[in-house]
Amino acid sequence: MSEKKEPSIWEGFKAFLMRGNVVDLAVAVVIGAAFTNIVNSVVKGVISPLVGAFGTQNLDQYSLCLKDPCKVAADGTVNDGVAILWGSVLNATLTFLITAAVVYFLMVLPMAKYLARQEARRKAKEDTHEVIEVTELEVLKEIRDAMVAQRGSGHDRG
């Protein structure tokens, strides 16, 4: 009676790490972390100054006081009163929208177009292959018919 040896935990872990989707996910996390710095720089260097033309450059300073007196510290904590810090929500929303737009237009859209072109090439190749197979089939049928005709004429003479 032979027993199958179960793979060790280490072997299972190595197999898990070697799967393609785990590596892809790791690459995505690293690129996403680096990309976050770019987006934050765009918000800080471009969007905030544009908003600052109409008010303050630090969006986090925008707030609404529900219960007076509102005192918000420089770090954003509310010391007194009830304040709604809608500026920080606006800042996070702008950062998200910019990130989503850049990811879509610079990564998702070009990749979708690339994959569509690859699929069209593959389909065209398959169609060409089918035409070749049909043509070969027709030629083989003609050869068969010619051989049958030759056999038939050979039996008549004999």
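Here the structure is shown first, and the text comes after it.
Quick look at the structure, then. Fair warning: this is a prediction, and the values are worked out from it, not measured in the lab.

## Focus on the packing of aromatic side chains
By convention here, two paired aromatic rings are described through the distance between centres and the angle between planes.
Here's step 1: Under the defined criterion, the tally for this structure stands at 2 aromatic pairs.
Here's step 2: Between Trp10 and Phe13, the ring centres sit 6.0 Å apart and the planes meet at 40 degrees, which makes this aromatic pair tilted. A residue pair is termed a helical-turn pair when its members lie 3 or 4 positions apart in one helix, as Trp10 and Phe13 do in helix H1 (residues 9-18) at 3 residues.
Here's step 3: Given a relative accessible area of 55%, Trp10 falls into the exposed group.
Here's step 4: For Phe13, a relative accessible area of 40% translates into the label partly exposed.
Here's step 5: An angle of 80 degrees between the planes, with centres 5.1 Å apart, marks the rings of Tyr104 and Phe105 as edge-to-face.
Here's step 6: Judged by relative accessible area, which is 40%, Tyr104 ranks as partly exposed.
Here's step 7: Residue class for Phe105 comes out exposed when judged on its relative accessible area of 52%.

## Some words on a nonpolar patch on the surface
Here's step 1: The grouping of Val23, Val27, Ile31, Tyr104, Phe105, Leu106, Met107 and Val108 at the surface amounts to a nonpolar patch, some 750 Å² of accessible area in total.
Here's step 2: By residue number, the principal contributor to the nonpolar patch is helix H3 (residues 86-157), which donates 5 residues.

## Remarks on the pattern of salt bridges
Here's step 1: A complete count under the given rule lists 3 salt bridges for this structure.
Here's step 2: The shortest N-O distance in the salt bridge between Arg122 and Glu126 comes to 2.4 Å. Here the residue Arg122 and the residue Glu126 both occupy positions in helix H3, the gap between them amounting to 4 residues, near one helical turn.
Here's step 3: Across the pair Asp145 and Arg144 runs a salt bridge, and its minimum N-O distance is 3.2 Å.
Here's step 4: Asp145 sits in the partly exposed class, given a relative accessible area of 43%.
Here's step 5: Residues joined in a network through salt bridges with shared partners are Glu119, Arg122 and Glu126.

What counts, and where the lines are drawn
Residues numbered from 1 in each chain as written. Predicted model: local features only at pLDDT ≥ 70, side-chain atom pairs only at ≥ 80, totals over all residues. Heavy atoms only, no water. Phe/Tyr/Trp six-rings, centres within 6.5 Å; stacked < 30°, edge-to-face > 60°. Helix = DSSP H or I, 4+ residues; strand = E, 2+ residues; numbered from the N terminus. Buried < 20%, exposed > 50% of the residue type's maximum accessible area, 1.4 Å probe, protein only. Patch = residues over 30% accessible without salt bridge, like charges linked within 9 Å, V, L, I, M, F, W, Y side chains within 5 Å. Areas by Shrake-Rupley, 256 points an atom, 1.4 Å probe, with all protein chains shown as cover. Salt bridge = Lys/Arg side-chain N within 4 Å of Asp/Glu carboxyl O.

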